[in-house]
Amino acid sequence: MVASTSPITHQIESPFDNGEEGREIKHLENLTRADLASTWFDRSFASNRPHSCPAHLQLKRHAMPEAGLFFAFYLRKTTSTHRETASVHVRSAIPQAETAMNLNAHLGRRAFFRRAVGAGLALTAAGHGHAQRSAIERTWPAPVTGLRPVPALQPMEATADRIIAMNVCTRPFRAKGPRIELESFGRKQVVHHYGHGGSGWSLAWGSAAEALALVETTGRREIAVIGCGAIGLTTAVAAQRAGYAVTIYSRELPPDVQSSNATGVWSPESRICTEEHAPAFADRWERMTRRSHWQHQHLLGLPGHPVEHQDIYQLSDIPFGGPPRIRYPDEPSYPRLGRERTPDLEPTPVELDADQNPFKVPFARRTSLLLFNISSYTQLLLNEFTRLGGQLKIRELDGPGDFSKLRERTLVNCTGYGARQLLGDDSLVPVRGQTAKLIPQPEVSYGIRYWDANVYAYPRRDGILVQSGADGDFGNASEALDPQESLTAVARLNAVMQGLQTD
Ligand SMILES: Cc1cc2nc3c(=O)[nH]c(=O)nc-3n(C[C@H](O)[C@H](O)[C@H](O)COP(=O)(O)OP(=O)(O)OC[C@H]3O[C@@H](n4cnc5c(N)ncnc54)[C@H](O)[C@@H]3O)c2cc1C
């Protein structure tokens, strides 16, 4: 059974259905969590009901297959202040791990539901009342001010002699979004699962759930996954957790896959589709993003820090909040899906006053970013795969004809950009990217994003990842290193660090 798509039964009690006080019980069947969420909240908060009516909602999840998790939302309104407040109680049904969270927040915007559910599922740590309230209230990217002083920042040592690696990889971009489709090749059923652009690590869990829903329709419990990058490996582990016996067939294994050379940050909308195709893809994208984000929360705090939060300083020569700026005119327009669909998943940026800003850059704001330490994350996935009995076989497939040579009847094709050659699929467009890695500095616990200077740096455990965007990356499948590109990026970072106030 695939958790994210399984039917569930819910009971809803809402005393203000149709804007009237009273009590209504609805039984909703065959809804996914996302369906349930939007149904109730659309009806409740999207309807601009009068502010005088109290609200009370109880949701009970009777069948949640993935972890026995259920949650209840109690919403109430304080009529004296004419502002609705919500208490969100999240309770885990996992024995010994029961947690509860109370959260008072102002309500009243149309998108409350998505924020509340996102916050309820993502912000499981109690005791951060203020931060939780901000996550629900804000209209992204409206900044807040003054929440936490800026700590003294240790400078990144950004000099050429500290570069320990330069890497190139190819983003497998598709204008329509990833291909997640079932196709028959004779007796083989192949679920294609490739084309995740600049978002493969971010979306892997949610995308795996979409692919496994198709696998389930084939009725087979023994499956082959072709490819062992972020998508293949995550899909394989997700399949095992759902009870499948899995063999991975792959031409290369980590760290010799493209995924091992990614930057490693939460970037679920990065080159994931074009603006033109966004309307058709947005619902699936939102499901994938929410599912992945939820899954990543459960990888925080583990040994080796496969996933962690780090402060990121966004630096700018001009005030924040202006229209989006375009660096690469040769690339298509990309949609701002996060802003439209999942604003609750992004921590609220905090704008720094001039006297708080330690950078010699006119404008700075701080936010927090999920960072993937790709080496330990990959190791964690490989360990789980083998622990759950998975088989790994080095094998290259030369074309669709080779599908018939595999023992399994159901195959999941996670070959990334390799699918272009394997299937002759020219909907896959290569988007080249190059990173440099500096010697790790454990004392550095922040990253920077400085659009105007075209430099980005992230403090991974295995080194500080430094990146610049380059012209001509779109459509470029070259894996040849351009050392000058990385030297320039490091020099730009050095210039920023020279202006850093360290006390
Ligand atoms: C510079 C850069 C930075 C990035 N940063 C981020 C980031 O910060 N966050 C994020 O979420 N994403 C990021 N990405 C995107 C992410 O790296 C990709 O979306 C992801 O790597 C795609 O994973 P994949 O498993 O589909 O492909 P791959 O990693 O390429 O894996 C494909 C697998 O298929 C196998 N294979 C291919 N062809 C065959 C064949 N014919 N027969 C058998 N096996 C085959 C390969 O050996 C490999 O194991 C970045 C990408 C780049 C280039």
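All of these numbers come straight from a predicted model, not from anything done at the bench. (Residues numbered from 1 in each chain as written. Predicted model: local features only at pLDDT ≥ 70, side-chain atom pairs only at ≥ 80, totals over all residues.)

### What about the overall build of the protein?
1) Next: Check the secondary structure of the protein and you find 10 helices and 20 strands.
2) Next: Put simply, the protein has 503 residues, and 42% of those count as buried.
3) Next: The long-range fraction of contacts in the protein, counting pairs at least 24 apart against all pairs at least 6 apart in sequence, stands at 74%. (Helix = DSSP H or I, 4+ residues; strand = E, 2+ residues; numbered from the N terminus. Buried ≥ 20, exposed ≤ 12 C-beta atoms within 10 Å, placed from the backbone. Contact = placed C-beta atoms within 7 Å.)

### Topic: the sheet that holds strand S9 (residues 188-194)
Backbone-to-backbone hydrogen bonds join strands into a sheet, with any given pair of strands oriented parallel or antiparallel.
1) Next: Pairing is mixed in the open sheet, where six strands are placed in the order S8-S9-S16-S10-S11-S15. Each of the sheet's edge strands pairs with one partner strand only, and the pair in question is strand S8 (179-185) and strand S15 (391-394). Going across the sheet, the axis of each strand differs from the next one's by a mean of 20 degrees, ignoring polarity.
2) Next: Pairing geometry for strand S10 (residues 222-226) and strand S11 (residues 245-250), over five bridges, is parallel. Within S11, the residue paired with Val225 across the bridge is Ile248.
3) Next: Packing against the sheet, helix H5 (residues 230-241) makes contact with S9, S10, S11 and strand S16 (410-413), and its axis sits at approximately 170 degrees to S11. (Pairing = 2+ DSSP bridges. Axes fitted to C-alpha atoms, helices over the stretch in contact; angles between N-to-C directions.)

### A word on the packing of H5 against helix H8 (residues 374-387)
1) Next: Orientation of H5 relative to H8, taken along the N-to-C sense of each, is 40 degrees, at an axis distance of 10 Å. The angle between the axes of H5 and H8 places the two elements in the oblique class. Seen along the crossing, H5 lies across H8 with a hand that is left-handed. Between H5 and H8, the contacting residues are Leu233, Thr234, Ala236, Val237 and Gln240 on the first element and Thr378, Leu381, Leu382, Glu384 and Phe385 on the second. (Parallel < 35°, antiparallel > 145°, perpendicular 65-115°, else oblique. Left-handed = near helix turned anticlockwise from the far one by under 90°.)

### Focus: the sheet that holds strand S7 (residues 163-174)
1) Next: With mixed pairing, eight strands are arranged side by side in an open sheet as S7-S17-S20-S19-S18-S12-S14-S13. Where the open sheet ends on each side, the last strands, each with one partner, are S7 and strand S13 (350-351).
2) Next: Sheet topology note: the strand S17 (residues 428-438)/strand S20 (residues 463-467) ladder contains four bridges and is antiparallel. Residue Leu438 lies in a different strand from S20, and its bridge partner there is Ile464.

### Details of the site of the ligand
1) Next: In the neighbourhood of the ligand, 40 residues make up the surrounding shell, with Gly200, Gly229, Gly416, Gly418 and Gly433 lying closest.
2) Next: For the shell around the ligand, the secondary-structure elements that each account for two or more residues are S7, helix H4 (200-218), H5, helix H9 (418-423) and S17.
3) Next: A total of four residues in the shell around the ligand trace back to one element, the largest contributor, which is S7.
4) Next: Among the residues making up the shell around the ligand, the classes are represented as 15 nonpolar, 21 polar and four charged. (Near = placed C-beta within 6 Å. Nonpolar A, V, L, I, M, F, W, Y, C, P; charged D, E, K, R; others polar.)

### A closer look at the nonpolar core
1) Next: Counting 89 residues, the largest nonpolar core has Ile223, Val225, Ala239, Val412, Ala457, Val466 and Leu493 as its most contacted members.
2) Next: Element by element, the count of residues in this core is highest for H4, at 10 residues.
3) Next: Once residues within four sequence positions are removed from consideration, Val466 is found in contact with Ala158, Thr435, Ala436, Leu438, Ala457, Ala489, Val490 and Leu493. (Core = buried A, V, L, I, M, F, W, Y, C linked by C-beta atoms within 7 Å.)

### As for the packing of H4 against H5
1) Next: It is at 8 Å that the axes of H4 and H5 come closest, and there the two elements cross at 50 degrees. Our classification of the angle between H4 and H5 gives oblique. For the crossing formed where H4 meets H5, the hand is right-handed. Each of Gly200, Trp201, Ala204, Trp205, Ser207, Ala208, Ala209, Ala211, Leu212 and Val215 in H4 lies in contact with H5, whose residues at this interface are Ala230, Ile231, Thr234, Thr235, Ala238 and Ala239.
2) Next: Grouping the constituent residues of the contact of H4 with H5 by class yields 12 nonpolar, four polar and no charged.

### Side note on the pairing of strand S14 (residues 363-372)
Regular strands have side chains that alternate between both faces of the sheet.
1) Next: Across 10 bridges, the pairing between strand S12 (residues 307-316) and S14 is antiparallel. Bridging across to S14, Gln310 finds its partner in Leu369.

### Some thoughts on unusual backbone geometry
It is generally the case that most residues other than glycine have a negative phi and that most peptide bonds are trans.
1) Next: Residue Pro254 is joined to Pro255 through a cis peptide bond whose omega torsion reads 10 degrees.
2) Next: Its identity is not glycine, yet Arg271 carries a phi of approximately 45 degrees, on the positive side.
3) Next: With respect to the secondary-structure elements, Arg271 resides in the loop between S11 and helix H6 (278-297).
4) Next: For Arg271, a count of 22 C-beta atoms within 10 Å puts it in the buried group.
5) Next: With a phi close to 55 degrees, Asn454 is a non-glycine residue in the positive phi region.
6) Next: Checked against the element boundaries, Asn454 lands in the loop between strand S18 (446-450) and strand S19 (455-460).

### Thoughts on H6
1) Next: Spanning 20 residues, H6 covers 26 Å between terminal C-alpha atoms, matching the ideal 28 Å at 1.5 Å per step.
2) Next: Its maximal kink placed at Arg284, H6 deviates by approximately 30 degrees. (Expected span 1.5 Å × (residues − 1). Bend = angle between axes of the 7 residues up to and from the residue.)

### What about H4?
1) Next: With 19 residues, H4 ought to run about 27 Å at 1.5 Å a step, and its terminal C-alpha atoms sit 25 Å apart, in line with that.
2) Next: Along H4, the sharpest change in direction is near 40 degrees and occurs at Gly206.
3) Next: The buried count for H4 comes to 15 of 19 residues, which makes it a mostly enclosed element.
4) Next: Following H4 by one or two positions, Gly219 adopts a phi angle in the positive range, close to 75 degrees.

### With respect to the environment of Lys393
1) Next: When you line up the elements, Lys393 lands in strand S15.
2) Next: Expressed as a C-alpha distance, the spacing of Lys393 and Ile226, which sit 167 residues apart in the sequence, is 9.6 Å.

### Thoughts on the environment of Tyr450
1) Next: In this fold, Tyr450 is placed in strand S18.
2) Next: What makes Tyr450 buried here is the crowd of 21 C-beta atoms within 10 Å.
3) Next: Each C-alpha atom, one on Tyr450 and one on Asp317, is 8.8 Å from the other, the two residues being 133 residues apart in sequence.
4) Next: In this structure Tyr450 touches Leu315, Val361, Val455 and Val496, once residues within four positions along its chain are discounted.

### A look at the pairing of S12
1) Next: Sheet analysis places S12 next to S18, joined by five bridges and oriented parallel. Among the inter-strand pairings, Asp311 is bridged to a residue of S18, identified as Tyr446.

### A closer look at the confidence of the model for the protein
1) Next: Across the protein, the average pLDDT comes to 77, with 71% of residues at 70 or higher.
2) Next: Low pLDDT, under 50, characterises residues 1-140; the stretch is placed with 223 contacts to residues that sit more than four places away or in other chains. (pLDDT = per-residue confidence, 0-100.)

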